[in-house]
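Coordinates in review
Here are the chains, one letter per residue:
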Amino acid sequence: MNSTLGTGGSNDGFWLIKTADKKVNVKGAAYLDLVLCDKKGEISGKLWDYNEFSHGIYQAGDLVKIRGTVTQFNGNDQLRIDRIRKVTEADGVNIADFVPTAEYSGEMMLGQIMNIIASVKDEELKHLTFALVKDREEKILYWPAAFKLHHAIRGGLLYHTLSILKLCESVCSIYPAVDRDLLMCGAIVHDLCKIDEFEISSAGLVTGYSVKGELLGHLVMGAVKIEEKARQLGIDSEKAMLLQHMVISHHGEPDFGAAVRPMFLEAEILSELDKLDATVNEITSATADLNEGEFSQRMWALDNRKLYNHGRKEVTVKANLE
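Cut-offs used in this document
Residues numbered from 1 in each chain as written. Predicted model: local features only at pLDDT ≥ 70, side-chain atom pairs only at ≥ 80, totals over all residues. Heavy atoms only, no water. Helix = DSSP H or I, 4+ residues; strand = E, 2+ residues; numbered from the N terminus. Contact = heavy atoms within 4.5 Å. Buried < 20%, exposed > 50% of the residue type's maximum accessible area, 1.4 Å probe, protein only. Core = buried A, V, L, I, M, F, W, Y, C linked by side-chain atoms within 4.5 Å.

To continue, consider the environment of Leu 165. Relative to the helices and strands, Leu 165 is located in helix α5 (residues 156-174). C-alpha separation for the pair Leu 165 and His 245, spaced 80 residues apart in sequence, amounts to 18 Å. Ignoring anything within four residues of it in the chain, the contact list for Leu 165 reads Ile 113, Ile 116, Met 184, Ala 187 and Ile 188.

What follows is about the environment of Thr 207. Position of Thr 207 among the secondary structure elements: in strand β7 (residues 206-209). The partly exposed category is assigned to Thr 207, whose relative accessible area is 27%. Separated by 147 residues in the primary sequence, Thr 207 and Ala 60 have C-alpha atoms spaced 6.6 Å apart. If we skip the residues at most four places from it in the chain, Thr 207 touches Lys 18, Thr 19, Ala 60, Phe 147, Glu 199, Ile 200 and Ser 201.

Within the largest apolar cluster, 51 residues are counted, with the highest numbers of intra-cluster contacts made by Met 109, Leu 128, Leu 165, Leu 183, Ile 188, Ile 226 and Leu 243. Among the secondary structure elements, those contributing two or more residues to this core are α2 (106-118), α3 (123-134), α5, α6 (180-189), α9 (217-233), α10 (237-249) and α11 (265-287). The element best represented in this core is α5, accounting for nine residues. Setting aside anything within four residues of it in sequence, one finds Leu 128 in contact with Ile 226, Lys 229, Ala 230, Leu 233, Ile 235, Ala 240 and Leu 243. The next biggest cluster of nonpolar side chains, apart from the first, holds 15 residues, and it includes Trp 15, Leu 34, Tyr 58 and Ile 84.

So, in structure tokens, the structure goes:
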């Protein structure tokens, strides 16, 4: 939630609309259901008794000025909207100030990933991974990694991928049994098809899922893309299959979306590191704005736990990726 908002009382502020849906309550009255965000976080907003003619029409990506009251609903903050309008030039508001963005540029992060690909010794894995990334090079520079969960920020996909690669390097330095080429290439391609899974706004935030994203998901689409590209490039089918398995198993358990459980060492490591990076990001994001000794709201993505800021170290979401 925006840390400048206080519960109760009237609050004025500028927000970016992340999602906007016109809905009807049980009494048949229309209301506007919004997810509002700025760089500090996001909050659910409700405009009751919504009328398009008097209130206006809003969609994802709009910058708006809102007057409203912060209330509690099911243990979470919610903004009850009293007045809303679109931002005008006279407001002097820049959309870049409202989009949560990775701390590193897309060019910097992609450059590091390309250097890692160049270090792969297996020429076929290197060629295949490079081709898969190049096909999505333009969009990957700014694509988010999620809708509402970890790394749901502009540039989040590269941020998440590079974080995992840094972890992979450490694992490889400890355990000689790990095939570095396979682990690195699997990590690089494991979420690439999130680019095909999500619809995003002009601001670079996810607004929903594509039709393919809903029907297939990024794991299945990723496996299909690997097979198609490997056939096109004449890559050994066994090597392509290993990467496919890492993609479709990296969620770990079928309950979490995995098609199968990881069945070899590098697939297991990728799955564990993917979960670790997501969890670290969730916890640091939830506690970054808390004072020492405070608890966060319940985090449904983390088994509905509250998170505690013990104050022993300054909480920052920024990872050391340089």
